[in-house]
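Listed below are the residues making up each chain.
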Amino acid sequence: MATQPFSDELVDRLAHARHIAVLTGAGISAESGIPTFRDPGGLWQQFKPEELANVNAFVRNPQLVQAWYLHRRKLALETMPNPGHQALVALEERVPDFLLITQNVDNLHQRAGSKKIAELHGNITRSYCIDCGREANDAAMEPAASGSIALCSACGGYIRPDVVWFGEMLPQDAIREANDAARRAEVFLSIGTSAVVYPAAGLPLTARQGGAYVAEINVEASAIARYIDEVVLGKAGIVLPALLDAIQKR
Ligand code: BJW
Ligand code: ZN
């Protein structure tokens, strides 16, 4: 039998913990076919964040930004959750106090069946009007695909995706819940994130300061690797089901 890429200590701690928090990033959805941001071939190699993922870019060229998010929303809806997402549903069901903190906007954790989720960077399936704040329905963004600006049916304002761009505050409830869960956690998993975007990247460190055993699962060591207890190298869609299997056998 091949050796597992994770320690017995991680399996034991996960098997017995009553308080677990998990942070996910784009890497967990890579095996579903959604490009990450910073890997070779990732979104930021093809599109510059300063041109598309900030409010100034949106005000300068709303149609371009709307069309880009419309394209990404369609891609997200066409893809399916993978075994990594599903393993986290199973983990949630074992533990009394569990929070899945995600930076992802692709809605795949929700579609997999995870229930206790803090969406730090919003959700690409929702949109709202920048003037009156009303939520816009799915069809409202469609004009952007044919070169028009998508406008609010109530007030005529520009419609934007419900995501968090650089320089914007994170949703207050989500970041508060995430910080609280990190402080309470006995085990904290950081999965498929480069851990360079704050405040999300600070959560594993908050957890460690609070006494948690912190492990990351990533195909390569992230920016926080040297500050945590364990780095598990491998694809989330393979490592997470194996980890769940090992926990269930404890
Ligand atoms: C796999 C895998 C497999 C691949 N299995 N793994 C200077 C210092 C510190 C902070 C700042 C600073 N200057 C500015 C800031 C603040 C700024 C920030 O952090 N900037 C840094 C980049 C320097 N943060 C903000 O602005 C945040 N707001 C804020 O702080 O408000 C207060 C404030 C206001 C005003 C001024 C200052 C402060 C908001 C951040 C919003 C981030 N938004 C985005 C876009 C969302 C919408 C969209 O999707 O378009 O969120 S950016 C993008 O990065 C997206 C992601 O959620 C986020 C994180 O990326 P993630 O998920 O880690 O993806 P990657 O691609 O980076 O990594 C993928 C990983 O997966 C890699 O490690 C792979 O190895 C791995 N992998 N395949 C396992 N199969
Ligand atoms: Zn409006």
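The rules behind each value
Each chain carries its own residue numbering, running from 1 in the direction its sequence is written. Whichever chain is written first becomes A and whichever ligand is written first becomes 1, with later ones labelled in order. This being a predicted model, a pLDDT of at least 70 is required before a residue's local features are given, and a value of 80 or more before pairs of side-chain atoms are given or counted; all residues contribute to the totals for chains, interfaces and linings. The side-chain quantities take in all heavy atoms of the structure and omit both hydrogens and water. We define the nonpolar core as a collection of buried residues of types Ala, Val, Leu, Ile, Met, Phe, Trp, Tyr and Cys that are connected through side-chain atoms lying within 4.5 Å of one another. Each residue is assigned to one of three classes by its accessible area relative to the maximum for its type, calculated with a 1.4 Å probe on protein chains only: buried under 20%, partly exposed between the two thresholds, exposed over 50%. Secondary structure elements are taken from DSSP: a helix is a run of H or I of four residues or more, a strand is a run of E of two residues or more, and numbering for both begins at the N terminus. It only takes one pair of heavy atoms within 4.5 Å for two residues to be counted as in contact. The length a helix should cover is 1.5 Å for every residue beyond the first. Only nitrogen, oxygen and sulfur atoms qualify as donors, and only when within 2.8 Å of the metal (3.2 Å in the case of Na, K and Ca); with water excluded, sites may look incomplete. Sites are called tetrahedral only when four donors show all angles between 85 and 135 degrees, square planar or octahedral only when four or six donors show opposite pairs over 155 degrees and all other angles between 65 and 115, and irregular in any remaining case. Source of the domain bounds: an automatic or database domain assignment. Buried area: the accessible area, evaluated with a 1.4 Å probe, that two parts lose upon being put together, summed over both parts.

K.L.:
Sorry if this is basic, but what is going on with the nonpolar core here?
P.N.:
Nonpolar side chains tend to gather and get buried jointly when the protein is soluble and globular. One finds Leu10 and Leu91 to be the most contacted residues of the largest nonpolar core, which totals 30 residues. For this core, the elements supplying multiple residues, two or more each, are helix 1 (8-16), strand 1 (19-24), helix 7 (83-94), strand 2 (97-102), strand 7 (187-191), strand 8 (213-218) and helix 11 (236-248). It is helix 11 that provides the largest number of residues to this core, a total of 7 residues. What Leu91 contacts, discounting residues up to four positions off in sequence, is Ile20, Val22, Phe98, Leu189, Leu244 and Ile247. Residues Leu99, Ile101, Leu203 and Ala207 belong to the second largest nonpolar core, which totals 23 residues.

K.L.:
What is the right way to look at helix 6 (residues 62-78) in this model?
P.N.:
An α-helical turn contains 3.6 residues, so any two residues separated by three or four positions project in the same direction. Between its first and last C-alpha atoms helix 6 spans 24 Å; for 17 residues at 1.5 Å apiece the expected length is 24 Å, and the two agree. Along helix 6, the positions that sit buried rather than exposed are Pro62, Gln63, Val65, Gln66, Trp68, Tyr69, Leu70, Arg72, Arg73 and Ala76.

K.L.:
What's the story with the coordination of the zinc ion (ligand 2) in this structure? I'm lost.
P.N.:
Tetrahedral coordination by four donors puts the ideal angle at the metal at 109.5 degrees, and octahedral coordination by six puts it at 90 or 180 degrees. Surrounding the zinc ion (ligand 2) are the protein donor atoms Cys129 (SG), Cys132 (SG), Cys152 (SG) and Cys155 (SG), at 2.3 to 2.4 Å. Around the zinc ion (ligand 2) sit 4 donor atoms, and with donor-metal-donor angles ranging over 99 to 118° the site reads as tetrahedral. Spacing between the donor residues of the zinc ion (ligand 2) along the chain follows C-x2-C-x19-C-x2-C. By relative accessible area, Cys155 is classed as partly exposed at 40%.

K.L.:
Teacher, can you tell me more about unusual backbone geometry here?
P.N.:
For residues that are not glycine, phi is negative in most cases, and the peptide bond is trans in most cases. Tyr198 connects to Pro199 through a cis peptide bond whose omega is 5°. Looking at the element boundaries, Pro199 is found in the loop between strand 7 and helix 10 (203-209). If you check the backbone angles, Asn107 has positive phi at about 70° while not being a glycine. Position of Asn107 among the secondary structure elements: in the loop between strand 2 and helix 8 (108-112). Relative accessible area serves as the criterion here: at 16%, Asn107 is assigned to the buried category. With phi around 55°, Ala195 is a residue other than glycine that occupies positive phi space. Within the fold, Ala195 resides in the loop between strand 7 and helix 10.

K.L.:
I keep staring at the domain arrangement of the chain and nothing clicks. Help me out?
P.N.:
Interface size, as often reported, equals the accessible area lost upon joining of the parts. Split by domain assignment, the chain resolves into domain 1 (1-34 + 81-121 + 170-250) and domain 2 (37-78 + 123-163). With 14 residues of domain 1 in contact, the opposing surface of domain 2 contributes 12 residues. Taken over both partners, the interface formed by domain 1 and domain 2 buries close to 940 Å², and the fraction arising from carbon and sulfur atoms is 52%. Its largest share of buried area at the contact with domain 2, domain 1 owes to Val105, Arg111 and Glu119, together 40% of the area lost on that side.

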